[in-house]
Every structure is written in C-alpha cells, then in structure tokens.
Amino acid sequence: MSYPGYPPAGGYPPAAPGSSPWGGAAYPPANPPPIGLENVAGYANQFNPSHMAGMASNLAGTFGGANLPQSMYPSTPGSYPPVPPGGFGQPPPGQQPSYGGYPPPGGNPPSGMPSYPGYGGGPVPGQPTPPPAQQPMSYPGLPATHPGQQPMPSYPAGPAVNPSMPSYSGATGPAVTPATHGNRGTITDAPGFDPLKDAEVLRKAMKGFGTDEQAIIDCLGSRSNKQRQQIILSFKTAYGKDLIKDLKSELSGNFERTILAMMKTPVMFDAYEIKEAIKGVGTDENCLIEILASRSNEHIQELNRVYKAEYKKTLEEAIKSDTSGHFQRLLISLAQGNRDESTNVDMSVVQRDVQELYAAGENRLGTDESKFNAILCARSRAHLRAVFSEYQRMCNRDIESSICREMSGDLEMGMLAVVKCLKNTPAFFAERLHKAMKGAGTKDRTLIRIMVSRSEVDLLDIRAEYKRMYGRSLYSDITGDTSGDYRKILLKLCGGND
C-alpha cells in the first residue's frame, strides 16, 4: 500500500527548504496547510471572567474554602442548577463529612464545621490537646482509640506448638516490667534546698582552727548528688575557692575518701574507681567487673566518654593494658554498653540459648567461653532471667554451678558476677558488702564505692537483701566494722537500721 506523496521525491527525511541544512529563510513555508487554529484570535473575546470566578467558587466550596456570593454568576436558562449553600460537595447541615471512611487528621475543616480530632500518635499542630481524661488509648500493635470509638477486638492465641513448653499469647513471652531506678535510694533531693546557704555552712565548718566534721556530715549527707554539684558551684561563686580542695585540706583517711567520692558525679566516680583499680601493681578485677556488670547502657556509654576526656585514653585501652584472655574479652564486651534492653521474652530463643550454653559447657570436653560471653553480655536482663530459670529446669543444675565447674580464676569470678547481678542486683551488692566487712580487716574501698554509688539507686533494697541473706542489718555491721567520722558518714548514707 502506498500513500500520495510518499516516499518524498528527494528521499527521506526530506531536506528543509533553503540553503542551510537546518532550514533557511524559506522555512517554515509561507503558506502552511491549515491545522485548525484559524479561530484562535477569537478566543480572547470568549473569555468570561465572571464564569471563571464561578468555577473557582465551586471548587472552593467543595474543598472547604470560602464561597463567593451567587450574584457573581447569575443563572441562565438551561444551565446547571444553582450552587447549594456551602458549595458543591458539602454534606447536609449537622452531618459529618466522609473522606475515604475516616475524618481528616486535624487541619482546617469546611466552613461552619467543627474541627476534627487528630489521629493517635501525637498532637496536631494548631489543634488543642484533649484533656487527660480523653486522651486516646493506645496498645502495642493496635491503633489508638478515641472516646466513643470501639477498640479493636482481641482474639486469643492458638495453642502452643510444643506442649512441653509454656504457652504465651503471641510470638513473644510476657512483657517484664523494667526495673525502676532512682527511687529506691536512701538519699533523695532535700526539700527547701539553698546551695548558697549550704556553701556558707561548709565554709564556717572549715574556717579557722579545727574542722566541724559533724556539720559537713549533716550537710552533704542529706543532699543528693545533683544538689552537691550545685553546692560546689555556689561555694566558688561566694568565696572564690574550690570546695573540693578545701575538703581535701581539712579531712583525712577514709572519711575524706567517702566525702570526696560523694562530691563526684556518678559517672566521674566510676571513671576514677576504674582508673584506681588498674593503676599500679596488680589490678582490682572485682572493682572492674562490679562496675561494668551493674551499670546501664547509657551510664556505660557516658563512662566511656568521661574516661577518655579525663585520662586521655579510652576505657577499652585501659582494660587491655591490664587484663588478658577471656576475662579481658568479657570486660570489653560489657564496656560497650550495648546490652539489649527490651523487656519481651521469646521462649523459642530462650530454649535455643539454654541448649547452646549446655553444649558449650557441660556437654563437651573443655568449655567454649566465647559462647557464654556472647549470650551473657548481649541478651537482655529479662531474657537472661528466663534463660537461667530454664537452664536449671532442663539441666537440674543452676548456671552458677556450671560456671564454677567449667571456669576458673578471674573469668569464673567475672561470669559469676554478671549472672548474679542479672538475677538480683541488690543481692549481688549485699554479698559484696558482706565480703568487704567479714573477717580480719575491712575492704574500705569496696565499702565506700558501693555505699556511695548505690545510695540514690537501690540501697533500700540492698539493706533488705542483706538482712534476708545474713540475718543482721547492714547498719549494725557497718557500726561494728568502722569507727569515728567514717562510721558516721557511712551510717548517714545507710539511712537507718532494719
């Protein structure tokens, strides 16, 4: 089949008219064929501004904007019916508009309509926050519900796949309530605190001949660590002197060590204790493992920053310089501050971890210490408590016994400390305090460190565990093992007899 004029005589594509290969003066041709634009000049005369305004008003009414008066576009015979009140798209008065089945999440409603509530998850900018009694209720995995809205039904979980395993609803075990920190201490913020007044009290206690140690004990022993930091600043502001230097010059012995420990922030005190544990001949491995096994992720990460700033080397470098072998690896793992902090327990993972721990220890010749390290340093506290319980049920032996059978030396001590601290932190510290005071001599550094560092965390719980484990109060044992102002400040931190 062929078409008239194709192919063109000069080949394809045809050359543009004119001398230039891109077209000359003769291009485009003077009389092009008509293509339907003959009436374009008359379009301007057909433009009706009033009609365009009417169209804009219709659209504005549909989307909730202002409506123009109808007089702007008078109706003509045979045209569309007049615009209803409120514009096209508006529901009848008093009826909630529907946008895809859901009210719009806040924003500007159509004219005359009340504002819509925002969806759960946060306040909508520009919208008032509902009163506390009307806050949307939210559950994990379910959308928030508003007052008057029916919550989604929950369906019971199916039976457990393995009848021998405990059945939990859903894929994970029950959520474990996270331990509350900071409200079980013996030291709390003093009411009516005035740092300048306290600075004056301390100044008078140290001024002139002699020192009023009791005034220092009563003042600093009744203030929280945060308040003590304010006293340091107020002392320098009022007197132009360093409170820490004045305390060092006026006090001595273990009383001085305790007061200076109280004046450091918790992270600074831990950094100082680790530095002292590593410094010189020998290493206080118990101090290292106690701090790294018991502190939170956030605390350990801050400890890494402070240690580097204060001592010009990283915490990991300090650990490597003074430890070795699997014990070093254990400390470095803990020093990452990267333990899982979730509170859900997946029993299938618990079962797998128990089997791996058993295979790494009891069920082989020798011990795979790295497997113990990986599980004990990375898993969450809630998960490991379930692992320890399941291990005892499956192996007829608790995890501590297996560690004692399979390991020795510093590694055994470190692994046991991690397990005990995870199982029951107050009991772990109660045992440490008892060992510090029993027998000939007192391990004062351990006693001071625990009494100071736990005084605003869980010392009330430690006291209770101490009484339960040893039948005597912590207060009475401190009284019998220490003396003088050192005893007084420790008893002030202890907070009372049980």
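The structure displayed is predicted, hence computed values, not measured ones.

S.K.: Outline the overall build of the protein, supporting the account with residue identities and numerical values.
M.R.: Looking only at helices and strands, the protein has 22 helices and zero strands in total. For the protein, the residues scored as buried account for 35% of the 498 residues in total. Looking at the protein alone, contacts between residues at least 24 apart form 64% of all its contacts between residues at least 6 apart. Total accessible area computed for the protein in this model is approximately 29,200 Å², and 55% of it derives from carbon and sulfur atoms.

S.K.: Break down the packing of aromatic side chains for me, with residues and values.
M.R.: Applying the stated rule across the entire model yields four aromatic pairs. The positively charged end of K264 is found above the aromatic ring belonging to Y272, 4.5 Å away from the centroid.

S.K.: Got a sec to walk through the confidence of the model for the protein? Specific residues and values, please.
M.R.: Across the protein, pLDDT averages 79, with 63% of residues at or above 70. Low confidence marks residues 97-106, where pLDDT is under 50. Its contacts with residues over four positions away, or in another chain, come to 20 contacts. Within the model, pLDDT remains below 50 along residues 132-182, and this stretch shows 50 contacts once partners closer than five positions in the same chain are excluded.

S.K.: I'd like a description of the side chain of T446, backed by residues and values.
M.R.: Here T446 lies in helix α19 (residues 444-453). Those residues within four positions of T446 in sequence are excluded, and the remaining contacts are E290, R432 and A436.

S.K.: Describe the pattern of salt bridges, naming the residues involved and giving the relevant values.
M.R.: One pass over the structure, following the stated rule, counts 27 salt bridges. As a salt-bridge pair, K226 and D189 come within 3.7 Å of each other at their nearest N and O atoms. Of the two residues, K226 sits in helix α5 (residues 225-239) while D189 sits in the loop between α2 (49-62) and α3 (195-206), which places them 37 residues apart along the sequence. The shortest N-O distance in the salt bridge between R463 and D498 comes to 2.9 Å. In this pair, R463 is assigned in helix α20 (residues 459-470) and D498 in the segment after α22 (484-494), connecting sequence segments 35 residues apart. Overlapping salt bridges bring together E273, E276, K279, E290, R432, R445 and R449 as one network.

S.K.: Lay out the side chain of H434 with the relevant residues and their values.
M.R.: Along the chain, H434 turns up in helix α18 (residues 425-437). The contacts of H434, once residues within four sequence positions are left out, are Y466, Y470, R472 and D477.

S.K.: Report on the packing of helix α17 (residues 409-423) against α18, specifying residues and quantitative values.
M.R.: As a packed pair, α17 and α18 sit with axes 5 Å apart at the nearest point and diverge in direction by 130 degrees. In terms of axis orientation, α17 runs oblique to α18. Two secondary-structure elements touch here, α17 through A417, K420, C421 and K423 and α18 through T425, F428 and E431. Counted by class, the contact of α17 with α18 contains three nonpolar, one polar and three charged residues.

S.K.: Which residues make up unusual backbone geometry, and what are the values?
M.R.: One non-glycine residue with positive phi stands out, namely K312, at about 60 degrees. Tracing the backbone through its elements, the reader meets K312 in the loop between α10 (297-311) and α11 (315-322). The backbone of N396 shows a phi angle near 55 degrees, a positive value even though the residue is not glycine. With respect to the element layout, N396 can be found in the loop between α15 (381-395) and α16 (399-406).

Definitions and limits used
- Residues numbered from 1 in each chain as written.
- Predicted model: local features only at pLDDT ≥ 70, side-chain atom pairs only at ≥ 80, totals over all residues.
- Heavy atoms only, no water.
- Helix = DSSP H or I, 4+ residues; strand = E, 2+ residues; numbered from the N terminus.
- Buried < 20%, exposed > 50% of the residue type's maximum accessible area, 1.4 Å probe, protein only.
- Contact = heavy atoms within 4.5 Å.
- Areas by Shrake-Rupley, 256 points an atom, 1.4 Å probe, with all protein chains shown as cover.
- Phe/Tyr/Trp six-rings, centres within 6.5 Å; stacked < 30°, edge-to-face > 60°.
- Lys NZ or Arg CZ within 6 Å of the ring centre and 35° of its normal.
- pLDDT = per-residue confidence, 0-100.
- Salt bridge = Lys/Arg side-chain N within 4 Å of Asp/Glu carboxyl O.
- Axes fitted to C-alpha atoms, helices over the stretch in contact; angles between N-to-C directions.
- Parallel < 35°, antiparallel > 145°, perpendicular 65-115°, else oblique.
- Nonpolar A, V, L, I, M, F, W, Y, C, P; charged D, E, K, R; others polar.

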